[in-house]
Amino acid sequence: KQWYQRRVRAHIDDLYFFIRSESMKQYFAPYLCCDMVKMAAAFNTDVDSLELELMALVGGEGVKIDSFNKVLRAVKRNEKEQVRRDVIELCNTLQFKTQELIVKTAILKAGLVIKSSAPNIDEKPSTSSVRGGGPL
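Our focus in this paragraph is the packing of helix 2 (residues 12-28) against helix 4 (residues 47-57). The N-to-C vectors of helix 2 and helix 4 enclose an angle of 90 degrees; their axes lie 11 Å apart at closest approach. Between helix 2 and helix 4, the interaxial angle falls into the category roughly perpendicular. The segment helix 2 lies against helix 4, with Arg20, Ser21, Met24 and Lys25 engaging Leu50, Glu53, Leu54 and Leu57. Along the lines of polarity and charge, the residues of the contact of helix 2 with helix 4 split into four nonpolar, one polar and three charged.

With 17 residues, helix 2 extends 24 Å between its outermost C-alpha atoms, agreeing within 8% with the 24 Å of an ideal straight helix rising 1.5 Å per residue. Of all the residues in helix 2, the buried ones are Arg20, Ser21, Met24 and Phe28. Each buried residue of helix 2 sits inside an arc of 100 degrees when the element is viewed along its axis, so together they form one side. Along helix 2, the residues that are exposed and aim more than 90 degrees away from the buried face are Phe18, Ile19 and Gln26. The inward-facing, buried residues of helix 2 contact strand 1 (33-35), helix 3 (36-42), helix 4, strand 2 (63-66) and strand 3 (71-74).

Quick notes on the rules
- Once a new chain begins, its residue numbering starts again from 1 and follows that chain's sequence as written.
- The model is predicted, so local features are restricted to residues of pLDDT at least 70 and side-chain atom pairs to those at 80 or more, both for listing and for counting; the totals for chains, interfaces and linings are taken over all residues.
- Calculated side-chain values reflect all of the structure's heavy atoms, with hydrogen atoms and water omitted.
- Helix axes are fitted to C-alpha atoms over the stretch in contact, other axes to C-alpha atoms as well, and angles between N-to-C directions run from 0 to 180 degrees.
- Secondary structure counts use DSSP, requiring at least four H or I residues in a row for a helix and at least two E residues in a row for a strand, with both numbered from the N terminus.
- In this scheme, roughly parallel covers angles under 35 degrees and roughly antiparallel covers those over 145, while 65 to 115 is roughly perpendicular and the rest are oblique.
- Contact between two residues is taken to exist if any of their heavy atoms lie within 4.5 Å; hydrogens are not considered.
- We call Asp, Glu, Lys and Arg charged. Ala, Val, Leu, Ile, Met, Phe, Trp, Tyr, Cys and Pro are nonpolar, and the rest, Gly among them, are polar.
- Expected span, for any helix, means 1.5 Å times one less than how many residues it has.
- Exposure is judged per residue with a 1.4 Å probe applied to protein chains only, and the accessible area is read against the type maximum: over 50% gives exposed, under 20% gives buried, and values in between give partly exposed.
- The directions from the helix axis to the C-beta atoms form the arc being described.

Take a look at the structure:
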C-alpha cells in the first residue's frame, strides 16, 4: 500500500489537472453558451481563475470566451461547407488521376516506351552508343 501511495503521489498534480480539464469539457459539452459565473461556482473557483484555466484548456477547440459578458460560447461549424470542400478536392484528385492513367495507357498502346539513358555504373559506355561512333 505504501509503495502505491509513493508512486501515485508523484503524479497527483497531473491527475488532478487531467480530471479537472475533462470535467470542464463535459460540463460545457451539451451547451452552445455557458455562464462562467455559474461554471465558476460549480468548480469552486472565482471567475478570473476559471477564465485563465479555460483559455489554457480550449485554445482553438471551437470555443470562444467572452471576457466582457463572462460567457463561454461554442463556435458553430459549417459541416456542409467542409463536406462540399472535401468532395470538390476528391473530385479534382480523381479527375487528375484518371487523365494520368489515360495518358499512360495511350503511351503504352502506341509503343512509346521511354527507357533510361543513364548507363549502368558497372559497365563502361561503349563508343558505339555515342553519336558518330568515334571517340570524343
